Structures are given as C-alpha cells and as structure tokens.
Amino acid sequence: MSVALIWILVGIVLILSELMLTSVIAVFLGIGAIVTGLLLHWGWIEQTSIQFAVFGGVSLALLLLARGRIKRWFQGYTADEDEAKPNFQRDIGARVRVIRDFNHGAGRVTLNGVQWDAFSDDELKAGETAWVIANEGIQLTVTRHKPKQ
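Residues numbered from 1 in each chain as written. Predicted model: local features only at pLDDT ≥ 70, side-chain atom pairs only at ≥ 80, totals over all residues. Heavy atoms only, no water.

Novice: Would you take a moment to explain the overall build of the protein for this structure?
Specialist: Looking only at helices and strands, the protein features 4 helices and 5 strands. Beginning at the N terminus, the succession of helices and strands in the protein can be written as α-α-α-α-β-β-β-β-β. Counting across all 149 residues of the protein, residues that qualify as buried make up 30%. Within the protein, residue pairs in contact and separated by at least 24 positions form 39% of the contacts whose partners lie at least 6 positions apart. Roughly 10,200 Å² of accessible area belongs to the protein as shown, and the carbon and sulfur atoms make up 61% of that amount. (Helix = DSSP H or I, 4+ residues; strand = E, 2+ residues; numbered from the N terminus. Buried < 20%, exposed > 50% of the residue type's maximum accessible area, 1.4 Å probe, protein only. Contact = heavy atoms within 4.5 Å. Areas by Shrake-Rupley, 256 points an atom, 1.4 Å probe, with all protein chains shown as cover.)

Here it is in structure tokens:
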C-alpha cells in the first residue's frame with residue numbers, strides 16, 4: 001500500500017468519524033490528509049517533513065477560515081419558546097392528572113402526556129386533578145389547590 005493511499009484512507013476515516021463527533025474538527029483534518037495524499041500521489045511532494053507540513057498547513061487554514069461558518073450549519077434553533085424561564089420552571093403551575101393514588105406523600109401524575117413520580121402533602125386519588133408547584137428534575141411536587149399566579 002502506498003503512502004499516498006494511506007494518507008487518503010486516513011482522511012476518509014477522519015471525515016467519517018465526524019459523523020459521530022460534534023466538534024466539526026475532524027473533517028478539516030481529514031481534508032488535510034486527503035490533500036496531502038493527492039499531492040503525494042501526483043508527485044508534487046515527496047519528503048516526509050513536507051507531507052506533514054502540508055497536512056498541518058491545510059488543516060489549520062481550513063480550521064481557522066471555515067470552522068465557524070460550517071459549525072453554524074449544524075446548529076438548530078427553537079422557536080416559540082419562553083427564553084426567560086429554564087425548562088424545569090415552565091411546568092410550575094401546570095395542571096396534571098393523578099394516575100396513581102398518593103401513599104405517604106408519593107404518587108404518580110401525567111404532565112403533557114408523560115408520567116412523572118410526584119410528591120404532595122395532600123391525599124390525592126387516581127383521576128383527580130392537581131397542580132405543579134415545584135420540579136426537582138425527574139420528580140414533581142404537586143398540590144390539590146391551584147397556585148396563585
């Protein structure tokens with residue numbers, strides 16, 4: 001296997017590895033390796049030190065010039081979200097349906113179609129309505145009485 005083919009294969013592997021990474025860096029290293037392999041194949045470069053200089057130079061130039069532009073292509077956005085509140089605070093005050101009786105302060109509720117473990121000082125029964133007063137990540141605290149806004 002020729003050295004040029006090795007450079008090209010390494011470049012392809014680096015570009016494909018970018019599919020699993022989110023840093024948008026490996027693709028530029030891969031392009032640098034492919035360019036080095038092609039220049040070596042065409043006989044424009046031969047010495048090992050020049051191969052590494054071309055690889056480093058092309059990769060660095062692409063990183064500095066194109067990374068910011070290309071990375072923006074892969075960043076999404078969300079519309080119609082309340083940016084003022086973090087996600088866990090948006091549910092406070094929401095109405096939930098009790099799906100499992102609360103025993104010793106613990107039960108299960110449904111919020112936005114998702115079942116949650118919940119805590120309450122009230123004795124709540126399945127089928128009743130409650131309101132979220134706190135969100136502790138994966139557990140809600142609910143109450144029988146609608147909180148004042």
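Novice: What am I meant to see in the pattern of salt bridges here?
Specialist: Taken as a whole, this structure holds 2 salt bridges when the rule is applied. For Asp117, the salt bridge goes to Arg108, with nearest N and O atoms at 2.6 Å. Residue class for Asp117 comes out partly exposed when judged on its relative accessible area of 34%. (Salt bridge = Lys/Arg side-chain N within 4 Å of Asp/Glu carboxyl O.)

Novice: Can you walk me through the packing of helix 1 (residues 3-17) against helix 2 (residues 26-41) in this structure?
Specialist: For any two helices packed against each other, one specifies the inter-axial angle together with the distance between the axes. Interaxial distance between helix 1 and helix 2 falls to 7 Å at its minimum, and their mutual angle equals 165 degrees. Relative to helix 2, the element helix 1 lies roughly antiparallel. By crossing handedness, the relation of helix 1 to helix 2 is classed as left-handed. Contact with helix 1, carried on its side by Val3, Ala4, Trp7, Ile8, Val10, Gly11, Ile12, Leu14, Ile15 and Ser17, involves Ala26, Val27, Leu29, Gly30, Ile31, Ala33, Ile34, Thr36, Gly37, Leu38, Leu40 and His41 of helix 2 and no other residues of that element. When the residues that make up the contact of helix 1 with helix 2 are grouped by side-chain class, the tally is 16 nonpolar, 6 polar and no charged. (Axes fitted to C-alpha atoms, helices over the stretch in contact; angles between N-to-C directions. Parallel < 35°, antiparallel > 145°, perpendicular 65-115°, else oblique. Left-handed = near helix turned anticlockwise from the far one by under 90°. Nonpolar A, V, L, I, M, F, W, Y, C, P; charged D, E, K, R; others polar.)

Novice: Is there a simple way to think about the confidence of the model for the protein in this case?
Specialist: Detailed reading of the predicted coordinates is not advisable wherever pLDDT is low. Overall, the prediction assigns the protein a mean pLDDT of 85, with 86% of residues at 70 or greater. Model confidence for the protein, summarised as mean pLDDT per element, is weakest for helix 4 (residues 87-90) at 64 and strongest for helix 2 at 93. (pLDDT = per-residue confidence, 0-100.)

Novice: Explain helix 2 to me, please; I cannot follow it from the model alone.
Specialist: Taking 1.5 Å per residue as the helical rise, helix 2 with its 16 residues ought to reach 22 Å, and the 22 Å between its terminal C-alpha atoms agrees with that figure. Among the residues of helix 2, Ala26, Val27, Phe28, Gly30, Gly32, Ala33, Thr36, Gly37, Leu39 and Leu40 are the ones counted as buried. In the stretch just after helix 2, Gly43 is the one whose phi turns positive, near 85 degrees. (Expected span 1.5 Å × (residues − 1).)

Novice: What exactly am I supposed to notice about the pairing of strand 5 (residues 139-143) here?
Specialist: Regular strands show a simple pattern: their side chains alternate between the two faces of the sheet. The buried count for strand 5 comes to 4 of 5 residues, which makes it a mostly enclosed element. The pairing of strand 3 (residues 114-119) with strand 5 spans 3 bridges and is parallel. Among the inter-strand pairings, Phe119 is bridged to a residue of strand 5, identified as Thr141. Bridging between strand 4 (residues 129-135) and strand 5 involves 4 bridges; their strand directions are antiparallel. What sits directly across from Asn135, in strand 5, is Leu140. Between strand 4 and strand 5, which pair antiparallel in sequence order, lie 3 residues; one of them, Gly137, sits at a positive phi of approximately 90 degrees. (Pairing = 2+ DSSP bridges.)

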